[in-house]
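# Notes for the structure review
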Amino acid sequence: MTAYLASLMVFAGINAMLALGLNVVWGLGGMINLGLAGFFALGAYASALLSLRLGWPMPLAALAAIAVTATLGTVLAAVTARLKGDYLALVTLGFSQVVTLVAANERWLTNGTDGISGVPGPWRSLVTPMQFDLICMALCWGLVAICFAALTRLAASPFARVLRAVREDEMVAAVAGKRVLWFKIRAFALGSGVSGLAGSIYVHFNGYVAPDALDVLLTLNVVLAVTLGGTGRMAGAVVGALVLETLTEGTRFAGDLIHVFTPVQIASLREAVIGIVLILVLRLRPEGLLPETPRAMSLEPGD
């Protein structure tokens, strides 16, 4: 049970990190990014290939994964600079699907649908499986804490004030003399880099990565977590990820308590319960559990 809870907390931490990255792009900048699974996959594959085939140490492979995803995030933001709303969402979603297709078909690089296995984890061969899960949980949440502290500080900076102004009215921010494109690109690069770090953590903990584990459902869960917790506030992203993980995994034990339904009916009931809870929360708290606190939107000369 301890190992199960520890692994559950690792996945919750990964989702929290993805939610933090999305909150920079969407919560602060107002850009709808549905390409999270793509950046997550790039981070996972980059870290796996570098550590397994080239023998890079895990910290260096994780840094390389951040660099790769941040660079591609910069390129994607520059290419889609003129797109807004649904158009940006569709393009980023398409990017995610392209990454998945490349991972599934380029066997010389990714081993195709068989995936890459045997990826080293922190002290995996020196400790018991339960100890390994506990170590990964501590490392994962330590990195979540670092990202949370850094992004919370960022959210209170002049950079974030400009992003909020761009989110509210891009034209007004441009008239105020702000380089809107430059701020968008930096926000996208930062959010993509955090997603790449989450992918690196995932592959070193799981020891295996394949295209079928990186579908669009991952992105939708993270979007739900940010919406549930509250966009624009980093604490809301973490709380939303934890609440969503609790709902999805907590209802897994419903079959042990309710013996009237079949397993198939229990699975459907789980999804219904999760949906009802999300609807109630968003009905009662439309801005999320921890909504963004009101901030002055004035753009100072130094911003």
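For the structure, see preceding data.
Below is a short write-up of the structure. (Residues numbered from 1 in each chain as written. Predicted model: local features only at pLDDT ≥ 70, side-chain atom pairs only at ≥ 80, totals over all residues. Heavy atoms only, no water.)

## Digging into helix α13 (residues 263–284)
With 22 residues, α13 ought to run about 32 Å at 1.5 Å a step, and its terminal C-alpha atoms sit 32 Å apart, in line with that. Among all positions of α13, only I266, R270, I274, L278 and V281 are buried. An end-on view of α13 places all buried positions within 110° of arc, on one side of the element. Across α13 from its buried face, at more than 90 degrees, point the exposed residues V264, I279, R283 and L284. (Helix = DSSP H or I, 4+ residues; strand = E, 2+ residues; numbered from the N terminus. Expected span 1.5 Å × (residues − 1). Buried < 20%, exposed > 50% of the residue type's maximum accessible area, 1.4 Å probe, protein only. Arc of directions from axis to C-beta.)

## Structural notes on the layout of surface pockets
Looking at the largest pocket, its volume works out to about 820 Å³. For the largest pocket, the lining is made up of 28 residues, of which N15, L217, L218, N221 and E245 are closest to its centre. Broken down by secondary-structure element, the contributors of at least two residues to the lining of the largest pocket are α1 (2–28), α10 (216–229), α11 (234–250) and α13. Here the residues of the lining of the largest pocket sort into 17 nonpolar, 4 polar and 7 charged. Forming the boundary of the second largest pocket are 16 residues, of which M58, P59, A62, L139 and L143 lie nearest the centre. For the lining of the second largest pocket, the secondary-structure elements that each account for two or more residues are α3 (58–79), α6 (129–155) and α9 (180–206). Considering only residue class, the lining of the second largest pocket consists of 14 nonpolar, 2 polar and no charged. (1 Å grid on protein atoms, 1.4 Å probe; cavity = no way out; pocket = protein on both sides within 12 Å on 5 of 7 lines; lining within 4 Å. Points joined across faces, edges and corners; volume = space filled by probe spheres on them. Nonpolar A, V, L, I, M, F, W, Y, C, P; charged D, E, K, R; others polar.)

## With respect to the pattern of salt bridges
In total, this model carries 6 salt bridges according to the counting rule given. With its nearest N and O atoms 2.5 Å apart, the salt bridge here joins R164 to E292. Highlighted residues: R164 in helix α7 (residues 158–168) and E292 in the segment after α13, separated in sequence by 128 residues. Of the residues examined, R164 reaches a relative accessible area of 2% and is grouped as buried. One connected set of salt bridges, linked through shared partners, spans R164, R167, E168 and E292. (Salt bridge = Lys/Arg side-chain N within 4 Å of Asp/Glu carboxyl O.)

## Digging into empty space enclosed by the protein
Applying the stated criterion across every chain yields a total of 1 cavity of 30 Å³ or more. Considered as a void within the structure, the largest cavity measures approximately 70 Å³ in volume. As for the largest cavity, its lining consists of M31, A77, T80, A81, L83, L88, L181, K184 and F188. If one sorts the elements of the lining of the largest cavity by residue count, α9 sits on top with 3 residues. Residue composition of the lining of the largest cavity, by class: 7 nonpolar, 1 polar and 1 charged.

## Things to note about unusual backbone geometry
For N111, which is not glycine, the phi torsion reads 65° and is therefore positive. By the element assignment, N111 lies in the loop between α5 (107–110) and β1 (116–117). For N111, a relative accessible area of 29% puts it in the partly exposed group. The phi torsion at W123 lies on the positive side, around 60°, for a residue other than glycine.

## Details of the packing of helix α2 (residues 36–52) against α10
Relative to each other, α2 and α10 sit at 115°, their axes nearing to 7 Å. On the basis of their axis angle, the class for α2 and α10 is roughly perpendicular. For the element pair α2 and α10, the recorded crossing hand is right-handed. Between α2 and α10, the contacting residues are L36, A37 and F40 on the first element and L218, T219 and V222 on the second. (Axes fitted to C-alpha atoms, helices over the stretch in contact; angles between N-to-C directions. Parallel < 35°, antiparallel > 145°, perpendicular 65-115°, else oblique. Left-handed = near helix turned anticlockwise from the far one by under 90°. Contact = heavy atoms within 4.5 Å.)

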